[in-house]
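Chain and residue survey
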Amino acid sequence: MSNTQVIVVGAGVVGLSSALELQAKGMSVRVIDKVGPAGGASAGNAGAFAFSEILPLASPKTIMQSPKWLFDPLGPLSIPPSYAPKIAPWMLRFLGASRPSQVKKSTHAQAEMMRHAKKTLEPFLLRAGLTHMLRNEGQLQVYEGEKQFQATLPGYASLEAENVPFTHLKGDSIADYQPGLSPRFTHATFTPAYATIDDPKLYTITLAEKFVANGGELLIGEVKLLTSDGVHTSLGDFKGRVVLAAGAYSHHLARTAGVKIPLETERGYNTTLPNNTFNLKQHLTFGGHGFVISKLRSGLRVGGSVELGGLNLPPNFARAQAMLNKAKEFLPGLKTEGGIQWMGFRPSLPDSLPAIGVLPSNDNVICAFGHGHLGLTQSTATAALVADIVTATKPAIDIKPFSPSRFASWL
């Protein structure tokens with residue numbers, strides 16, 4: 001397969017990781033993106049390799065909580081009223097993915113993917129010369145009271161069944177992990193299987209630089225449609241095997257090949273505060289409020305939430321401000337001045353699993369999208385699986401749960 005031409009559509013962290021992995025296998029690779037490296041969600045994510053996050057968003061618990069959340073326009077999960085009719089078919093599939101039997105399957109598949117992600121990350125970083133950007137500090141999830149903590153225990157039972165390590169904490173012991181928390185947080189859980197990159201935008205841009213230095217071609221242009229032997233773009237036609245890693249825009253390109261994939265957009269919001277605003281020890285998660293605080297080279301990033309609002313509605317930065325206000329309440333010593341707000345598009349499929357595999361009706365195209373808020377986490381695993389497919393090597397894990405055609409029999 002030496003010198004095989006591959007076209008990667010998308011210069012986010014998944015696309016560029018795939019490009020580098022294919023180069024390592026001896027491929028000739030061209031990356032095409034309409035804005036350039038880190039132009040989307042790869043620039044503004046929380047920087048986490050969230051290896052312990054194996055529970056799908058679609059679950060009976062989410063279905064039970066969602067009516068309360070949906071009535072709060074600034075809550076952890078919201079759908080703008082004007083977008084509700086358009087997203088209704090996706091929500092039906094989300095409801096189907098919330099069946100206990102499907103949740104069990106999705107959880108196991110996600111756990112397998114996370115194990116592969118953890119296994120592939122450090123070798124990938126070593127080859128790219130980027131191990132210095134990785135921090136292995138873990139994650140602390142905090143809870144307000146016994147009732148909220150007890151409600152999480154079934155989820156931790158699922159983690160335990162998949163051998164994901166964690167430690168429950170209570171009372172004064174929480175401060176040993178993170179001083180300065182409001183006393184309202186009486187319980188917490190520390191998950192060591194969590195790492196962070198010190199700057200996700202810089203990391204993605206550096207991947208692009210490594211790719212070009214290795215002889216790869218990076219083009220700025222719009223891919224307009226998938227063809228039987230390549231792509232048609234604003235720069236002309238290119239032939240080769242195609243890796244579709246265009247994030248939240250991937251389903252539009254799949255449509256040009258006659259394939260409908262139920263991809264929706266989780267619009268994520270955050271505020272990045274300057275350095276020295278708070279002494280954060282590790283990634284901090286407020287699960288009951290749907291946001292996190294992460295420590296990056298550029299400062300502290302306060303962000304999260306899920307707004308299912310598509311690609312075209314204007315940002316609602318009141319969501320970012322609401323999270324920042326809560327962060328100040330939960331960390332009384334936090335300085336919240338001088339922050340920079342951001343909104344980006346996370347590509348999400350109803351069962352919280354990515355689409356990895358050959359595109360139905362066009363076996364020249366390999367899908368690598370739909371990771372939701374786990375794109376960075378699963379980037380090296382996805383890259384390794386893509387390389388397996390291109391080289392006709394048996395994948396290291398079962399990729400059937402990630403098949404792009406899996407929704408054909410759903411609601």
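Thresholds, definitions, all that
- Residues numbered from 1 in each chain as written.
- Predicted model: local features only at pLDDT ≥ 70, side-chain atom pairs only at ≥ 80, totals over all residues.
- Heavy atoms only, no water.
- Helix = DSSP H or I, 4+ residues; strand = E, 2+ residues; numbered from the N terminus.
- Rg over C-alpha atoms; globule rule 2.2 N^0.38 Å.
- Buried < 20%, exposed > 50% of the residue type's maximum accessible area, 1.4 Å probe, protein only.
- Contact = heavy atoms within 4.5 Å.
- Salt bridge = Lys/Arg side-chain N within 4 Å of Asp/Glu carboxyl O.
- Pairing = 2+ DSSP bridges.
- Axes fitted to C-alpha atoms, helices over the stretch in contact; angles between N-to-C directions.

Check the secondary structure of the protein chain and you find 11 helices and 21 strands. The C-alpha radius of gyration of the protein chain comes to 20 Å, within 12% of the 22 Å expected for a compact globule of 411 residues. The principal-axis extent of the C-alpha atoms belonging to the protein chain is close to 60 × 45 × 40 Å. Counting all 411 residues of the protein chain, 57% fall into the buried class. Of the contacts formed within the protein chain by residues at least 6 apart in sequence, a portion of 77% connects residues at least 24 apart.

With that settled, consider the pattern of salt bridges. Under the definition given, this model contains 13 salt bridges. Measuring nitrogen to oxygen at the nearest pair gives 2.6 Å for the salt bridge that ties Arg-127 to Glu-21. Of this pair, Arg-127 sits in helix α5 (residues 100-128) while Glu-21 sits in helix α1 (residues 13-24); the two residues are 106 residues apart in sequence, bridging distant segments of the chain. By relative accessible area, which is 10% here, Glu-21 ends up buried.

Read from one edge of the open sheet, 3 strands run β11-β12-β13, paired in antiparallel fashion. In this open sheet, the two strands that pair with only one neighbour each are β11 (223-227) and β13 (236-239). Neighbour to neighbour, the strand axes of the sheet diverge by 20° on average, direction disregarded. Bridge count for strand β12 (residues 230-233) against β13 is 4 bridges, and the pairing is antiparallel. Within β13, the position partnered with His-232 by the bridge is Asp-237.

Here the focus is the pairing of strand β16 (residues 283-286). Each regular strand carries side chains that alternate between the two faces of the sheet. The alternating pattern of β16 places His-283 and Thr-285 on one face and Leu-284 and Phe-286 on the opposite face, and all of these are buried. Taken together, the 3 bridges between strand β6 (residues 139-143) and β16 define a ladder with parallel strand orientation. Bridge pairing links Gln-139 to His-283 in β16. Pairing of β16 with strand β17 (residues 291-296), which is carried by 3 bridges, proceeds in the antiparallel orientation. Counterpart to Phe-286 in the pairing with β17 is Phe-291.

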